[in-house]
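Listed below are the residues making up each chain.
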Amino acid sequence: AQKITQTQPGMFVQEKEAVTLDCTYDTSDPSYGLFWYKQPSSGEMIFLIYQGSYDQQNATEGRYSLNFQKARKSANLVISASQLGDSAMYFCAMREGSIFNKFYFGSGTKLNVKP
Amino acid sequence: EAQVTQNPRYLITVTGKKLTVTCSQNMNHEYMSWYRQDPGLGLRQIYYSMNVEVTDKGDVPEGYKVSRKEKRNFPLILESPSPNQTSLYFCASSRRSGNSMSGTEAFFGQGTRLTVV
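As the structure is a computational prediction, the values presented were derived from the model and not from experiment.

(A) Focus on the sheet that holds strand 1 (residues 4-7) of chain B. All names here are of chain B. With antiparallel pairing, the 4 strands of this open sheet are ordered in space as 1-3-8-7. Single-partner strands in this sheet number two, and they are strand 1 and strand 7 (65-66). In this sheet, strand 3 (residues 19-25) lies alongside strand 1 in antiparallel orientation, the contact comprising 4 bridges. Considered in strand 3, the bridge of Gln6 is made with Cys23.

Here it is in structure tokens:
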């Protein structure tokens, strides 16, 4: 089974509007972390936000927030007030707390912000 | 400045000619890994290392080798490259997690775009 599933290969959003990028995960490890990364067209991977499995509150970092629904195993990224510079590929990732400490990445969502 | 440095950034090579992509990090991270990125497939882990002399296969290890002789370096070796290894490669490093995963995000190198003809 896929560890991380991102079902939206591409999305469009109007500038200044909010957008939600979906991510579901699969793990039986009670300790895990969820991460979102942004990859602009220049190619570098930029860390955006982190959510721990034991965290009670949803994580927020500026215009980014993570809608964490543990029972549904979903960790959606919400970008508020989209900007043209938000156009990029976005990857959801999970790291399990087991001894192997592995990272798993989704296939990504390409976000295009329209002026 | 904390960083992961990969070299080269771009490489065009011929089938069968051995090559090495270097990766170095200056953050004293225990965990290092290599990924390849292909359209529609996201990042797939090739190999990872939890510490010096400790390496293990990821999801797509065939055709690749790694070594971890020093904590800061984790080179990726393609002994006999083939066209299906044409891809964008990333090296990443991170702390090992303790009781909390906070602060254990992966730091990525700039990427190496490899073309095998």
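(B) Up close: the interface of chain A and chain B. Each partner contributes residues to the interface: chain A has 23 residues there, and chain B has 25 residues. Across the chain A/chain B interface, buried area totals approximately 2,000 Å², and carbon plus sulfur atoms make up 55% of it. In this structure, Lys102(A) and Asp59(B) form a salt bridge, with 3.8 Å as the shortest nitrogen-oxygen distance. For the side of chain A that touches chain B, the secondary structure elements donating two or more residues are strand 5 (32-39), strand 6 (46-52), strand 10 (88-96) and strand 11 (103-105) of chain A. With 5 residues, the top contributor of residues to the side of chain A that touches chain B is strand 5 of chain A. The residue inventory of the side of chain A that touches chain B, partitioned by class, reads 11 nonpolar, 9 polar and 3 charged.

(C) Spatial organisation of the environment of Arg72(A). In this fold, Arg72(A) is placed in the loop between strand 8 (64-69) and strand 9 (74-79). Separated by 47 residues in sequence, Arg72(A) and Tyr25(A) have C-alpha atoms that sit 9.0 Å apart.

(D) Structural detail: the state of the cysteines. All names here are of chain B. Per the counting criterion, the structure on display carries 2 disulfides over all chains. The disulfide that involves Cys23 links it to Cys91, with 1.8 Å between the sulfurs. Taking the torsion about the sulfur-sulfur bond, which here is approximately -70 degrees, the covalent link between Cys23 and Cys91 counts as left-handed. Taken together, the residues Cys23 in strand 3 and Cys91 in strand 9 (residues 87-94) connect sequence positions 68 residues apart. Accessibility expressed as a relative area gives 0% for Cys91, which makes it buried.

(E) How the structure looks around the packing of aromatic side chains. Scanning all chains against the criterion turns up 15 aromatic pairs over all chains. Each ring, one from Phe103(A) and one from Phe105(A), has its centre 6.2 Å from the other, and the planes form 25 degrees; the classification is stacked. As far as burial versus exposure is concerned, Phe103(A) and Phe105(A) are alike and both buried. Between Tyr31(B) and Tyr48(B), the ring centres sit 5.8 Å apart and the planes meet at 20 degrees, which makes this aromatic pair stacked. One end of the pair, Tyr31(B), is in strand 4 (residues 31-38); the other, Tyr48(B), is in strand 5 (residues 42-51), with 17 residues separating them in the sequence. Each member of the pair Tyr31(B) and Tyr48(B) is classed as buried. Positioned above the aromatic ring of Tyr104(A), the side-chain terminus of Lys3(A) is 5.3 Å from the ring centre. Between Arg63(A) and the ring centre of Tyr64(A), over which it is positioned, the NZ or CZ distance is 5.8 Å.

(F) Region of interest: unusual backbone geometry. Residue and element names in this part refer to chain B. Here the residue pair Asn7 and Pro8 is connected by a cis peptide bond, since its omega of 0 degrees sits within 30 degrees of zero. Within the fold, Pro8 resides in the loop between strand 1 and strand 2 (10-13). For Asn28, which is not glycine, the phi dihedral falls at a positive 60 degrees. Of note, Asn28 is situated in the loop between strand 3 and strand 4. With a relative accessible area of 53%, Asn28 lands in the exposed category. With a phi angle near 65 degrees, Glu53 is a residue other than glycine that sits in the positive phi range. Relative to the helices and strands, Glu53 resides in the loop between strand 5 and strand 6 (54-57).

(G) Representation of the nonpolar core. Residue and element names in this part refer to chain A. Among the nonpolar cores identified, the biggest contains 26 residues, and Leu21, Tyr25, Trp36, Ile49, Leu77, Tyr90 and Leu111 are the most heavily contacted of them. Listing elements by their share of this core, those giving two or more residues are strand 2 (10-14), strand 3 (19-21), strand 5, strand 6, strand 8, strand 9, strand 10 and strand 12 (109-114). In terms of residue count, the dominant contributor to this core is strand 10 (4 residues). Here Leu21 is in contact with Gln8, Met11, Trp36, Asn76, Leu77, Tyr90, Thr109 and Leu111, once residues within four sequence places are set aside.

What counts and how
Residues numbered from 1 in each chain as written. Chains lettered and ligands numbered in written order. Predicted model: local features only at pLDDT ≥ 70, side-chain atom pairs only at ≥ 80, totals over all residues. Heavy atoms only, no water. Pairing = 2+ DSSP bridges. Helix = DSSP H or I, 4+ residues; strand = E, 2+ residues; numbered from the N terminus. Contact = heavy atoms within 4.5 Å. Buried area = accessible area lost by both parts, 1.4 Å probe. Salt bridge = Lys/Arg side-chain N within 4 Å of Asp/Glu carboxyl O. Nonpolar A, V, L, I, M, F, W, Y, C, P; charged D, E, K, R; others polar. Disulfide = S-S within 2.5 Å. Buried < 20%, exposed > 50% of the residue type's maximum accessible area, 1.4 Å probe, protein only. Phe/Tyr/Trp six-rings, centres within 6.5 Å; stacked < 30°, edge-to-face > 60°. Lys NZ or Arg CZ within 6 Å of the ring centre and 35° of its normal. Core = buried A, V, L, I, M, F, W, Y, C linked by side-chain atoms within 4.5 Å.

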